[in-house]
Amino acid sequence: MLVDYASYENATGLDWYALDPNLTLLLDRLLPDVEDRGFAEEHVARYGVLCGGPLARRAEVTDHHGPVLRRYDRWGQEVDVVEHHPGWLESKADLVRAGFTGLPYQAGRPVPAVLTASLAYLVCQAETAIYCGLGMTAGAADIVERYAPAEVRDDLLRRLTSPDPDEAWEGGMFLTERQGGSDVGANTTRAVPDGAEWRLHGEKHFCSNVDAEIFIVLARPDGAPDGGQGLATFIVPRSLPDGSANGFRIKRLKPKLGTTGVPTGEVSLEGARAWIARPPTPHGTADERPGRGLNTMMEMVNGSRFGVAVMGLGIHRRSFLEAAIYAARREQWGQRIDHYPLVRETLVDLLVTLEAAAALTFECAGATRGSIDEDEGRRLRRILVPLAKVRATRGAIGAASQALEVFGGNGYMEDWPMARQLRDAQCHTIWEGTENICCLDVRRAMRNDGAHEALLARVERALLGSDPAPVLAPAVDAVATTLGEAREAIAHLAGASNDLQLLHARRLTYLLADLAQGALLLDEATWSLTRDDARKAVVARRFAHIQLSVPRARGILDDDRTVLDLFEPLTRYGSIERAAAAAA
Ligand SMILES: Cc1cc2nc3c(=O)[nH]c(=O)nc-3n(C[C@H](O)[C@H](O)[C@H](O)COP(=O)(O)OP(=O)(O)OC[C@H]3O[C@@H](n4cnc5c(N)ncnc54)[C@H](O)[C@@H]3O)c2cc1C
């Protein structure tokens, strides 16, 4: 049965998993083990209903009733309490109960990273703000599990992963200070030893989920060198065991453009009690090497950068779905607007770029699967994460903007769904490292880990394994040409001056993202062709057409009829026969 957009009012209240056959395809392909697949199905099916229903409904309300900081109680004592709309608390409780923060600890079996990504993708379609807080909770739990002192670890971990909303704690992460977000090494927060513990003093300028209970904080131990090398990572509870504040003051909540539900504050740390998050050495003693602290924090940042890529993906998907529904209902000049070629092209390209972004983002989660060995998988993931973050978050801003325009004037109104998506989307190119910083991270991954070699090898494997069907041939040719260009660009930049390398960092990142997406779509298309469906081959071909090859005269000379002739099966997820695909 094809998805029938005309039968819906809007996306809220629908089962978002059932409506997304591309998510089913990703799970089927990336989870070949039957038990893994069955386990995943149970969870995505539940989340599809939860996210499309209550979470989506409440997100519209909490966006207009954001958190408020109550600094003082009636006695004039400073309390720094953040008050939330009940809907926000209900949504968080629903997700905690559904295991969003604790599944790996509760499931009694390994939880595939692809499943974790799928659940986050569904949540982000409802609201990326709520994923921000709960995603950081999972990151904090990981740091606590690996690096917290033994005497507190079990208790903190139990709280951070609890499925009981009454006892569950949340996490946050404070790196950024007034003088430095990108230049983390400029941090001035001091850490002073206090017996086996530490006391932190400093100002943190962007603190999301600021009323969580446990924070992972960067600070410089007294006497440590300047720059990133001298920083250490600390675990900081917001309150002391007696419930009083742990030298922790929320100065204000920031007036944000979007992601309203999650409170982002400015925080003073005034002698906050902290535990150092220190990795053990192979000999079991604490690792005192300088710079290890920043490395520990960067492990969490890499995880959350991937999470921000998923936020972009979620907004992109929601944008497509809302636009497809609206265009199937709205009439102008006596017919549905999705019958007009320009609207069709917008919808098809929203979907094609979405599926390309999903291929890239989900490959981060499954990178080790198709790799020759563990090291190649690690290097592949190392470069795919910043590529996906750049591509999916930038893509989401464009997607939300385009989808908003499909709604005409209604799209610009706050009582329709697209305004919030556009406001929220703008956050994600900045969060967890701006686009520029992620482009520089791609460069670092290439220089330090040779991560591009793993990527190029992955692309070559996709080319070698691709189906020879004529429908896929233009995409195969375009990927092969782009691979050649990427090799040339990399070789050229290796001999270029430093400033030229920095100047081209974004261009190179975009080029590698295009290449990775094109290659991964070849893989997906080949997989689908073996199941007698050429729909994904058409997606790969269209992606190559709009993103990889630069058509002469903007493509006007090509007479490509894909958007016109295959609109229905593409956007409504019907299967396409090879002959029909080749003829379009
Ligand atoms: C809503 C929101 C919530 C946030 N929550 C948190 C949080 O919970 N915890 C936390 O630690 N941080 C948080 N942040 C901070 C965020 O991570 C930083 O804003 C971001 O990393 C950028 O740092 P900055 O704001 O200091 O900008 P700057 O570092 O001053 O950057 C300004 C501009 O300069 C560019 N730039 C800087 N250096 C370079 C370079 N070497 N080459 C090229 N371009 C460069 C940047 O790309 C950017 O465009 C949050 C931010 C927002 C907007």
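Owing to the predicted nature of the structure, the values given are computational and were not obtained by experimental measurement.

**Q** Lay out the overall build of the protein chain with the relevant residues and their values.
**A** Looking only at helices and strands, the protein chain features 20 helices and eleven strands. What you see for the protein chain is a C-alpha radius of gyration of 24 Å, in line with the 25 Å of a compact globule of 584 residues. Its C-alpha atoms give the protein chain principal-axis dimensions of roughly 75 × 55 × 45 Å. Within the protein chain, the fraction of its 584 residues that count as buried is 49%. Partitioning the contacts of the protein chain with sequence separation of at least 6, the portion at a separation of at least 24 is 75%.

**Q** Please set out the pairing of strand E6 (residues 214-221) residue by residue, giving values where relevant.
**A** Here E6 lies mainly inside the structure; seven of its eight residues are buried. Bridging between strand E4 (residues 190-194) and E6 involves two bridges; their strand directions are parallel. Bridge pairing in E6 places Ala191 opposite Pro221. Relative to strand E7 (residues 232-237), E6 runs antiparallel, the two sharing six bridges. In the strand pairing of E7, Phe215 is matched with Val236.

**Q** I'd like a description of the packing of helix H14 (residues 473-494) against helix H17 (residues 535-548), backed by residues and values.
**A** The relative placement of two packed helices comes down to the angle between their axes together with the axis-to-axis distance. Taken N-terminus to C-terminus, the directions of H14 and H17 make an angle of 40 degrees; their axes are 8 Å apart at the nearest point. Here H14 is positioned oblique relative to H17, judged by the angle of their axes. Here H14 runs over H17; the crossing is left-handed. Residues Pro474, Ala475, Ala478, Val479 and Thr482 of H14 touch H17, and the partners they reach there are Ala540, Arg541, Ala544 and Leu548.

**Q** An account of unusual backbone geometry is requested, with residue identities and associated values reported.
**A** A positive phi is found at Thr259, a non-glycine position, where the angle reads about 40 degrees. In this structure, Thr259 sits in the loop between strand E8 (248-253) and strand E9 (264-276). The backbone of Trp333 shows a phi angle near 50 degrees, a positive value even though the residue is not glycine. When you line up the elements, Trp333 lands in the loop between strand E10 (331-332) and strand E11 (335-336).

**Q** Got a sec to walk through the site of the ligand? Specific residues and values, please.
**A** Around the ligand, the surrounding shell holds 21 residues, and the nearest of these are Gly181, Ser182, Phe206, Ser208 and Asn436. Breaking the shell around the ligand down by element, the ones donating at least two residues are strand E3 (171-174), strand E5 (197-208) and helix H12 (435-449). Considered class by class, the residues forming the shell around the ligand number nine nonpolar, ten polar and two charged.

**Q** Would you mind going over the environment of Glu414 in detail, with residue names and values included?
**A** Relative to the assigned elements, Glu414 resides in the loop between helix H10 (374-406) and helix H11 (418-428). Taking the C-beta count within 10 Å as the criterion, Glu414 has 12 such neighbours and is therefore assigned exposed.

**Q** How would you sum up the pairing of E4? Please name residues and give values.
**A** Bridge count for E4 against E5 is five bridges, and the pairing is antiparallel. Each bridged residue has a counterpart across the sheet, and for Val192 the counterpart in E5 is Arg199. The hairpin turn running from E4 into E5, its antiparallel successor, is two residues long, and Gly195 in that turn takes a positive phi close to 65 degrees.

**Q** Can you explain the environment of Gln517? Please cite residues and give values.
**A** Take Gln517: it is sitting in helix H16 (residues 505-529). Take Gln517: there are 29 C-beta atoms within 10 Å of it, and that puts it in the buried class. Expressed as a C-alpha distance, the spacing of Gln517 and Arg178, which sit 339 residues apart in the sequence, is 37 Å. Residues within four places of Gln517 in sequence aside, it is in contact with Ala356, Ala359, Leu360 and Phe543.

**Q** Would you mind going over the domain arrangement of the protein chain in detail, with residue names and values included?
**A** When cut into domains, the protein chain gives domain 1 (171-291) and domain 2 (450-583). Between domain 1 and domain 2, the C-alpha centre-to-centre distance is 43 Å.

**Q** Which residues make up the nonpolar core, and what are the values?
**A** Counting residues in hydrophobic clusters, the biggest one holds 180 residues, and the most contacted among them are Val123, Phe234, Ile235 and Ala516. At 19 residues, the largest contribution of residues to this core is made by helix H8 (residues 292-329). Setting aside its immediate chain neighbours within four residues, Ala516 contacts Leu360, Leu384, Leu387, Leu455 and Val459.

**Q** Go over H14, please, and point to the residues and values.
**A** If you check H14, its first and last C-alpha atoms are 32 Å apart, about what 22 residues at 1.5 Å a residue would give, namely 32 Å. Looking at H14, one finds that the buried residues are Ala475, Val476, Ala478, Val479, Thr482 and Ala486. Viewed end-on, H14 has its buried residues packed into an arc of 155 degrees, placing them on one side of the element. The exposed set on the far side of H14, more than 90 degrees from its buried face, consists of Gly484, Glu488 and Ala491. Summarising the contacts, the buried residues of H14 are in contact with helix H13 (451-464), H16 and H17.

Cut-offs and rules
- Residues numbered from 1 in each chain as written.
- Predicted model: local features only at pLDDT ≥ 70, side-chain atom pairs only at ≥ 80, totals over all residues.
- Helix = DSSP H or I, 4+ residues; strand = E, 2+ residues; numbered from the N terminus.
- Rg over C-alpha atoms; globule rule 2.2 N^0.38 Å.
- Buried ≥ 20, exposed ≤ 12 C-beta atoms within 10 Å, placed from the backbone.
- Contact = placed C-beta atoms within 7 Å.
- Pairing = 2+ DSSP bridges.
- Axes fitted to C-alpha atoms, helices over the stretch in contact; angles between N-to-C directions.
- Parallel < 35°, antiparallel > 145°, perpendicular 65-115°, else oblique.
- Left-handed = near helix turned anticlockwise from the far one by under 90°.
- Near = placed C-beta within 6 Å.
- Nonpolar A, V, L, I, M, F, W, Y, C, P; charged D, E, K, R; others polar.
- Domains from an automatic or database assignment.
- Core = buried A, V, L, I, M, F, W, Y, C linked by C-beta atoms within 7 Å.
- Expected span 1.5 Å × (residues − 1).
- Arc of directions from axis to C-beta.

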